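Here is how the chains run, residue by residue.
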Amino acid sequence: MDAKTIAENVAHIRETMAQAARSAGRAPEDIQLCAATKMNDADAVRAAIAAGVDCCGENRVQELQQKLPQGAYAGKPLHFIGRLQTNKVKYLVGTVDLIESVDRMELLEAIDKLAQKRGVVQRILLEVNIAGQESKAGFTAEEAARLAAKMGDYPGVKLCGLMAIPPVSEHPGDNRIFFRQMRQLFVDIKGKTYDNVAMECLSMGMSDDYPDAIAEGSTMIRVGTAIFGARHYI
Ligand SMILES: *Cc1c(COP(=O)(O)O)cnc(C)c1O
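Residues numbered from 1 in each chain as written. Predicted model: local features only at pLDDT ≥ 70, side-chain atom pairs only at ≥ 80, totals over all residues. Heavy atoms only, no water.

### Concerning the pairing of strand β2 (residues 55-58)
Then, in step 1: The alternating pattern of β2 places C55 and G57 on one face and C56 and E58 on the opposite face, and all of these are buried.
Then, in step 2: The parallel pair strand β1 (residues 32-36) and β2, bridged by helix α2 (residues 42-50), forms a crossover whose chirality is right-handed.
Then, in step 3: Alignment of β2 against strand β3 (residues 78-80), held across 3 bridges, turns out to be parallel. Paired with E58 across the strands is F80, a residue of β3.
Then, in step 4: Note that the unit made of β2, helix α3 (residues 61-67) and β3 has a crossover that is right-handed. (Buried < 20%, exposed > 50% of the residue type's maximum accessible area, 1.4 Å probe, protein only. Helix = DSSP H or I, 4+ residues; strand = E, 2+ residues; numbered from the N terminus. Right-handed = clockwise from strand over helix to strand, strands pointing away. Pairing = 2+ DSSP bridges.)

### Section: helix α6 (residues 176-190)
Then, in step 1: An ideal rise of 1.5 Å per residue puts 21 Å on 15 residues; α6 measures up with 21 Å between its terminal C-alpha atoms.
Then, in step 2: Listing the buried residues of α6 in full gives F178, F179, M182, L185, F186 and I189. Projection of α6 onto a plane perpendicular to its axis shows the buried side chains occupying an angular sector of 125 degrees, all on one side. (Expected span 1.5 Å × (residues − 1). Arc of directions from axis to C-beta.)

### Points about the site of the ligand
Then, in step 1: Within the structure, the ligand sits among A36, K38, N59, I81, I165, M206, S207, R222, V223, G224, T225 and R231.
Then, in step 2: In this structure, an oxygen atom belonging to the ligand sits 2.9 Å away from a side-chain N or O atom of N59.
Then, in step 3: Measuring from an oxygen atom of the ligand, one finds a side-chain N or O atom of T225 at 2.5 Å.
Then, in step 4: For the ligand, whose free accessible area comes to 390 Å², the fraction covered by protein is 90%.
Then, in step 5: Class assignment of the residues belonging to the shell around the ligand gives a composition of 5 nonpolar, 4 polar and 3 charged. (Near = heavy atom within 4 Å. Polar contact = N/O pair within 3.5 Å; in protein donor to acceptor, adjacent residues only side chain to side chain. Areas by Shrake-Rupley, 256 points an atom, 1.4 Å probe, with all protein chains shown as cover. Nonpolar A, V, L, I, M, F, W, Y, C, P; charged D, E, K, R; others polar.)

### Section: the nonpolar core
Then, in step 1: In terms of nonpolar packing, the biggest core is built from 67 residues, with I124, L162 and I227 touching the most fellow members.
Then, in step 2: For L162, the residues in contact, after removing those within four places along its chain, are L125, L126, V128, M182, L185, F186, I189, M199, C201, L202 and S203.
Then, in step 3: C34, C55, L125 and C201 belong to the second-largest nonpolar core, a separate cluster that totals 8 residues. (Core = buried A, V, L, I, M, F, W, Y, C linked by side-chain atoms within 4.5 Å. Contact = heavy atoms within 4.5 Å.)

### Brief notes about α2
Then, in step 1: Inspection of α2 places A42, A44, V45, A47, A48 and I49 among the buried residues, and these make up the whole buried set.
Then, in step 2: Packed against the buried residues of α2 are α1 (3-23), β1, β2, α3 and α8 (225-228).

### Points about a positive patch on the surface
Then, in step 1: Side chains of K88, K90, K113, K117 and R118 sit close together on the surface and give a patch of like positive charge.
Then, in step 2: Among the secondary structure elements, R118 is positioned in helix α4 (residues 105-118). (Patch = residues over 30% accessible without salt bridge, like charges linked within 9 Å, V, L, I, M, F, W, Y side chains within 5 Å. Salt bridge = Lys/Arg side-chain N within 4 Å of Asp/Glu carboxyl O. Lys, Arg positive; Asp, Glu negative; His and termini not counted. Charge placed at Lys NZ, Arg CZ, Asp CG, Glu CD.)

### Topic: the pattern of salt bridges
Then, in step 1: This model, assessed by the stated rule, comprises 13 salt bridges.
Then, in step 2: Notably, a salt bridge pairs K4 with E8, separated by 3.2 Å at the nearest N-O pair. Here K4 pairs with E8, and both are found in helix α1, just 4 residues apart, close to one helical turn.
Then, in step 3: Two residues, E200 and R123, come together in a salt bridge whose shortest N-O distance is 2.6 Å. Note that E200 is positioned in strand β7 (residues 197-203) and R123 in strand β5 (residues 122-128), a separation of 77 residues in sequence.
Then, in step 4: For E200, a relative accessible area of 46% gives the class partly exposed.
Then, in step 5: Overlapping salt bridges, with partners in common, bring together E58, R60, E63 and K67 in one network.

Spelled out as structure tokens, the structure:
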């Protein structure tokens, strides 16, 4: 997709975001737009940054490693948003600004250990399997709440919020209940004072459902298709 189309798409999304925010009595600037860049090359990513997205989210370590030296993400924070194997955390800790997809204890422990060894504090989100889907990774809401209280045991990380990927909805609005539950969990944890926790990011909403996510309190949407067009899996 050419840079002009990407810019138009981003402008359109910004307008829709602002509308959704205002209808919910929220300030548009309180919601960030993360470009989900998987399967799009460095030029496309640069075009999205030029068009004003707030950050980039990459799904695969290998793709990130290809595009990073090409300067694809220059000037904006880089997030990791995909399924992460523990043997690959070494490529991300201290390199990416935020790992959004911390979905299991083993991964949290691996990130914490390596961050301490490297003398950095890695910012993370906990991924919550809010719809209880068997096919999906992530903590239950109860596990995430309990874990947040224990973040002091992990000095190599800072918990900055929560992330969720609800199911593809069959009907518009189907996911609002999940977004609402995420918002409640986010607010509950935010209301507590825990070590190594600063709840600022509630990452939810994608191309198909981001207005609903914003209506329910999302502070960051992750959008791929609506910016870059359909992905061509090869
Ligand atoms: C691909 C992806 C997105 C964006 O999905 P679209 O439907 O293309 O907007 C968001 N979050 C994650 C974790 C993704 O992998």
